[in-house]
Each structure stands twice: as structure tokens, then as C-alpha cells.
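Spelled out from the first residue to the last, the chains are:
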Amino acid sequence: MKINTLVCHCSIGAMIALSTSCTKIDKDMESVTVAHGDTLKYSLGGFGDEEGATIEKQPQHAQFSDLDRRGDSGEMIYLYVAESDYLGADYVELRSARGSDGASKNRDVIITKLNIEVTE
């Protein structure tokens, strides 16, 4: 009887946790331009110690595509360099996780979609 009660309470707790765990926000598509051979630097803003970002969908024509967290400010910057012979459009999706109080997971997930135009 005690085991059944414990299982029931755990199941209810898990359902409540899942229903309030996070909010996913898809930002509108943004268009950015970078000259061929230059590095695109796109700031996702400042992040707390428990917050972070990842590249959800890598661009197809990148020589370099990465996130750089600035230690002094916590600012997260997306860096992109196109392939050496590429001119045209590219696309990347960045996932930011925010809203942690240090004791729980991040509650707000933001998907940033960038159309990158590589020009001469």
C-alpha cells in the first residue's frame, strides 16, 4: 500500500514538472549580411552561469560556425565564416536556454533563425 502511494505521488510530481518545465519561443527570421572572407559576429546577449546556447541546425556552407561565450560579460556570440569559394544564402538555427534560478533547468528556450547572405 505504501509503495503504491509513493508511485502515485511520484507520477503526479513528474506530470506537474513536465507541464511547467519550459516555454519554447521561435523568434522571427532575421536576415544578416557578411562580406566574403569576413567573420559574421551575431550577439545572442548576456547569459547567466546556468544558461547557455547551442547550434540547433548548422549552416550548409560554413567553413567555421561556432558559439563563443565571453567570460567577462557572459555574452554569447555566434561566429560564422563562409566556405572559401561560396557566395549566396546560408541558414543557421541557434537555441538559447534561459531562465534558470540555479536550482532548476532553464525555463525559456528561444530559437533564433538567421538567413545569412554572403556577398562579395
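Residues numbered from 1 in each chain as written. Predicted model: local features only at pLDDT ≥ 70, side-chain atom pairs only at ≥ 80, totals over all residues. Heavy atoms only, no water.

Chemist: Mind showing me how you'd approach the overall build of the chain here?
Modeler: In terms of helices and strands, the chain carries one helix and eight strands. Start at the N end of the chain and walk to the C end: the helices and strands fall as α-β-β-β-β-β-β-β-β. Considering the chain as a whole, with its 120 residues, one finds that 33% of them fall into the buried category. In the chain, 61% of the contacts between residues at least 6 apart in sequence involve partners at least 24 apart. Here the chain has roughly 7,700 Å² of accessible surface; of this, 51% comes from carbon and sulfur atoms. (Helix = DSSP H or I, 4+ residues; strand = E, 2+ residues; numbered from the N terminus. Buried < 20%, exposed > 50% of the residue type's maximum accessible area, 1.4 Å probe, protein only. Contact = heavy atoms within 4.5 Å. Areas by Shrake-Rupley, 256 points an atom, 1.4 Å probe, with all protein chains shown as cover.)

Chemist: Whenever I open this one, the confidence of the model for the chain confuses me. Can you help?
Modeler: When pLDDT drops low, the exact placement of atoms in the prediction is not to be read closely. Per-chain confidence: the chain averages 81 in pLDDT, with 72% of residues scoring 70 or above. Low pLDDT, under 50, characterises residues 1-20; the stretch is placed with zero contacts to residues that sit more than four places away or in other chains. (pLDDT = per-residue confidence, 0-100.)

Chemist: Quick question: what am I supposed to make of the sheet that holds strand β5 (residues 62-69) here?
Modeler: Think of a sheet as strands paired side by side through backbone hydrogen bonds, with each pair either parallel or antiparallel. As summarised here, the arrangement of the three strands in space is β3-β6-β5, forming an open sheet in which the pairing is antiparallel. Because the sheet does not close on itself, it has two edges, and the strands there are β3 (40-46) and β5. Neighbour-to-neighbour, the strand axes of the sheet open up by a mean angle of 15 degrees, direction not taken into account. As paired strands, β5 and strand β6 (residues 75-82) are joined by seven bridges and run antiparallel to one another. In the sheet register, Ala-62 faces β6, and the bridge partner there is Ala-82. (Pairing = 2+ DSSP bridges. Axes fitted to C-alpha atoms, helices over the stretch in contact; angles between N-to-C directions.)

Chemist: What am I meant to see in the side chain of Ser-65 here?
Modeler: Among the secondary structure elements, Ser-65 is positioned in strand β5. Taking relative accessible area as the criterion, Ser-65 reaches 15% and is therefore assigned buried. Side-chain polar atoms of Ser-65 contact the side chain of Gln-58, separated by 2.8 Å. When sequence neighbours within four positions are dropped, the list of residues in contact with Ser-65 reads Ile-55, Gln-58, Pro-59, Tyr-78 and Leu-79. (Polar contact = N/O pair within 3.5 Å; in protein donor to acceptor, adjacent residues only side chain to side chain.)

Chemist: Where do I start with the side chain of Thr-112 in this structure?
Modeler: Relative to the helices and strands, Thr-112 is located in strand β8 (residues 108-119). Residues in contact with Thr-112, not counting those within four places in the same chain, are Lys-27, Glu-30, Tyr-42, Leu-44, Val-92, Glu-93 and Leu-94.

Chemist: For this particular structure, what's the right way to read the nonpolar core?
Modeler: As a rule of thumb, nonpolar side chains are buried together in soluble globular proteins. Judged by nonpolar contacts, the single largest core of 19 residues is most densely connected at Leu-44, Tyr-78, Tyr-80, Leu-94, Leu-114 and Ile-116. Per-element accounting of this core gives the leading share, four residues, to β6. Residues in contact with Tyr-80, not counting those within four places in the same chain, are Val-34, Asp-38, Thr-39, Leu-40, Pro-59, His-61, Ala-62, Phe-64, Asp-90, Ile-116 and Val-118. (Core = buried A, V, L, I, M, F, W, Y, C linked by side-chain atoms within 4.5 Å.)

Chemist: Before we go on, may I ask you to explain the pairing of β6 in this structure?
Modeler: On a regular strand, one side chain projects to one face of the sheet and the next to the other, so that they alternate. β6 sits mainly inside the fold: seven of its eight residues count as buried. When β3 meets β6, the two strands line up antiparallel, connected through six bridges. Note on β6: the bridge partner recorded for Lys-41 is Leu-79. What sits between β5 and β6 in their antiparallel hairpin is a turn of five residues, with Gly-74 showing a positive phi close to 80 degrees.

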